[in-house]
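Fold and geometry: a report
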Amino acid sequence: MAMLSKRKPFWATMSFFALVTAMAASICLGAADISLSTVKDSLFAFNTADTNHQIIREVRIPRAIAGALIGAYLAMAGTIMQGMTRNPLGDPSIMGITSGAAFGIAIAFVWLQEATSLQLMMVSFIGAAFGASLVFGVGALSIGGLTPVKLALAGATISSLLISLSTAISIHFNVAKQIDFWFAGSVNGVQWMEVVLLLLIGGPVFILGLLISKSLTVLSLGEEVSKGLGQRTKFVKIVCVFIILVLSGISVSVAGVLAFIGLIVPHITRSLIGIDYRWLILFSGLFGAILVVLADIAARMIQPPFETPLGAITTLIGGPFFLYLARREGGKIL
Amino acid sequence: MILFKKSPWILAGLLVILILAVFVASLNTGVIRLSPMNTFNALLGKGSSENELILFDFRMPRMVLSMCVGAGLAIAGAIFQSITRNDLAEPGLIGINAGAGVAVVLFIFLTGGVLEEVSGLSVFMLPLLAFLGAILTAGLIYLFAWKNGVTPLRLILVGVAMQAILSAVLIVLQLSMEDRDFNKALVWLMGSIYSANWGYVWSVLPWLLILIPFAIYKSRYLNILHVGDAAAMGLGINVERERKKLLIVAAALTGASVSAGGGIAFAGLVAPHVARRLVGPKHERFLPISALIGALLLLFADMIARTILMPSELPVGIVVSCIGAPYFLYLLMKSK
């Protein structure tokens, strides 16, 4: 089953190399194809007069890094969510978290027009928490409790409600174009500033995720087991929720809604690695990064010179997978 | 409990009066205000030409169209809910609307047309295409949800996945359009009766006039299908055949409505539910009442959409979502 469950450090290194290769491709390919040697020159012998060097340093590199980071964060958020809720459909985009974050951004666009990237991230985090609490509130209030299918349906409904409200706001205040960008999802035009913030905020949270991963493995076996083994279940859960909200919040604030990354990657990773969350989180991060970087390359290649929204591509990849899971899971519940 | 069980006619009368009241109120509201007197004169054919233009060419078609769309979606939703025996089967949520939308946008894209200038024959083509898109989507959902039978929740979950995929397809299609068309398509897909004209009304009306009576005529089968397959077979009904027929009717109604009004979610959920509460589950009674409630809902939502953020206009689908989504959540909480 779990193909890569042996020699994990080796496979982790291999995945890392795959990621670096994908990022190199992402830097070279685009509206103007740039050779690898030019990329090397731009890094080590930067020439301000050369437009290619400028493009690489100011556009392509931040974009590739942001794509990798966001992919990693979303995949990790999904992994933690699926482990914590023991819900195979757990994914920030299905659970109303990403649309909550985007709703926060829509509001910020109107009432906080001068917001800095950091403030946007804060707002996005609050929005994510808002969306999540709505979905889980509905789940908790419902007869029969939080079944995976109910959570998914509540998430879909609340997402559509929040998207409707955001659209209403955006139409009224004439910012529909900008807000659409957030709902379509893209890492086009990412600034260095945002990359730095992604690293500064996401990095520590990522380490926190790795620290909690052992407890998460226990928690994923079920609450009773976890309590029986003497774990402070509540504490672990709170930390997990915090990690999920921060990771999805900052991702949305930079790249908008990229659906299904947090759904598809954990499932694939689990089938390859097994259920040890210490490795699962790490590998999910790597695979998520690779997936988003590749999807971003596809976004640029499909209809040049147009950019296809990255969110549409991740949906086209992840949607069929969701379909497959829906078919599988829907049968278990009833 | 069921308020008008004995007296559906009184309820129908009340609803018609309400519709008329909202209709008149809606005629009088808008960016350009007309006094009731002016409206009245124009209706009698004695108003100024400007007033007549506003009333007859802008507001009237739009209101008539919103009522058609509301009634169509309500009946379609009712049929979907009955044949799947699933209170949550909402055409908008499970991707039927998106399927119809993809077909329409694809058509506009391929013929290189502009959305607002769709005219002549194309107007009559649109409902047909939307119908094809809707029926294809419904078929796919059924196919994917089928695994030794179809459980209600799996059907919806598969639908939600379908909806996500089709929306992504729509985004990709939209992006290949000109900027101007892109915005138009966006507003249209959010559900809008924005650019209504009499052409649209004439293209949709025949579908409704044929299909709604047909659905009501099939009430007996719907009643039995709603009870359960076993009971229906016991009563000598060819379950699969009747279900397929009714599914086609529902998809056709959705297609016609979507081709005119765009993707309006949750109207097909709210109207049948309220109707069932008011007159009970017998389809003879509750289908016509659903149609009336659907028409009222859309007419009212369209008035809100036009006025709440004046002078900008909201897509009517947003207003309906804001009413319908909480109701869906409420039903979800109650379901086991």
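These notes cover the structure that comes with them. Computed from a prediction, not measured in an experiment: that's the story for all the values here.

Moving on, we come to the overall build of chain A. For chain A, the helix and strand inventory stands at 13 helices and zero strands. Order of helices (α) and strands (β) in chain A, N terminus to C terminus: α-α-α-α-α-α-α-α-α-α-α-α-α. Against the globule reference of 20 Å for 334 residues, chain A gives a C-alpha radius of gyration of 20 Å, in line with a compact fold. The proportion of buried residues among the 334 residues of chain A is 57%. In chain A, 76% of the contacts between residues at least 6 apart in sequence involve partners at least 24 apart. Summed over its atoms, the accessible surface of chain A is roughly 13800 Å², and 70% of this surface lies on carbon and sulfur atoms. For chain A, the distance from the average site of its 21 positive side-chain charges to the average site of its 14 negative ones is 14 Å.

Further remarks concern empty space enclosed by the protein. All names here are of chain B. This structure, assessed with the given rule, holds two cavities of 30 Å³ or more. The computed volume of the second largest cavity comes to approximately 90 Å³. Lining the second largest cavity we find Phe80, Ile83, Thr84, Ile94, Ile96, Ala138, Ile141, Tyr142, Leu155, Arg243 and Leu247. Per-element tally for the lining of the second largest cavity: the top contributor is helix α5 (residues 121–145), with three residues. Partitioning the lining of the second largest cavity into residue classes produces nine nonpolar, one polar and one charged.

Summed over all chains, the structure comprises 14 aromatic pairs over all chains. Ring centres 5.5 Å apart and planes at 40° place the aromatic pair Phe260(A) and Phe322(A) in the tilted group. With Phe260(A) in the loop between α10 (233–255) and α11 (261–273) and Phe322(A) in helix α13 (residues 310–333), this residue pair connects regions lying 62 residues apart in the sequence. Judged by relative accessible area, Phe260(A) falls into the buried class, the value being 5%. When the ring of Tyr327(B) is compared with that of Tyr330(B), the centres are 6.1 Å apart and the planes differ by 45°; the resulting orientation is tilted. You can see Tyr327(B) and its partner Tyr330(B) sitting in helix α14 (residues 316–334), three residues apart, about one turn around the helix. The class of Tyr330(B) is partly exposed, set by a relative accessible area of 36%. For the cation-ring pair, Arg232(A) lies above Phe235(A), with the distance from its terminal atom to the ring centre recorded as 5.0 Å.

With that settled, the discussion passes to a positive patch on the surface. Residues and elements named next belong to chain B. A surface patch of like charges, here positive, comprises Lys5, Lys6, Lys282 and Arg285. Checked against the element boundaries, Arg285 lands in helix α13 (residues 283–307). Classification of Arg285 by relative accessible area gives partly exposed; the value is 31%.

Moving on, we come to the interface of chain B and chain A. Each partner contributes residues to the interface: chain B has 47 residues there, and chain A has 42 residues. Seen at the junction of chain B and chain A, the total is zero salt bridges. The biggest single contributor to the side of chain B that touches chain A is helix α6 (residues 152–175) of chain B, with 16 residues. Broken down by class, the residue content of the side of chain B that touches chain A amounts to 36 nonpolar, five polar and six charged.

Calculation rules
Residues numbered from 1 in each chain as written. Chains lettered and ligands numbered in written order. Predicted model: local features only at pLDDT ≥ 70, side-chain atom pairs only at ≥ 80, totals over all residues. Heavy atoms only, no water. Helix = DSSP H or I, 4+ residues; strand = E, 2+ residues; numbered from the N terminus. Rg over C-alpha atoms; globule rule 2.2 N^0.38 Å. Buried < 20%, exposed > 50% of the residue type's maximum accessible area, 1.4 Å probe, protein only. Contact = heavy atoms within 4.5 Å. Areas by Shrake-Rupley, 256 points an atom, 1.4 Å probe, with all protein chains shown as cover. Lys, Arg positive; Asp, Glu negative; His and termini not counted. Charge placed at Lys NZ, Arg CZ, Asp CG, Glu CD. 1 Å grid on protein atoms, 1.4 Å probe; cavity = no way out; pocket = protein on both sides within 12 Å on 5 of 7 lines; lining within 4 Å. Points joined across faces, edges and corners; volume = space filled by probe spheres on them. Nonpolar A, V, L, I, M, F, W, Y, C, P; charged D, E, K, R; others polar. Phe/Tyr/Trp six-rings, centres within 6.5 Å; stacked < 30°, edge-to-face > 60°. Lys NZ or Arg CZ within 6 Å of the ring centre and 35° of its normal. Patch = residues over 30% accessible without salt bridge, like charges linked within 9 Å, V, L, I, M, F, W, Y side chains within 5 Å. Salt bridge = Lys/Arg side-chain N within 4 Å of Asp/Glu carboxyl O.

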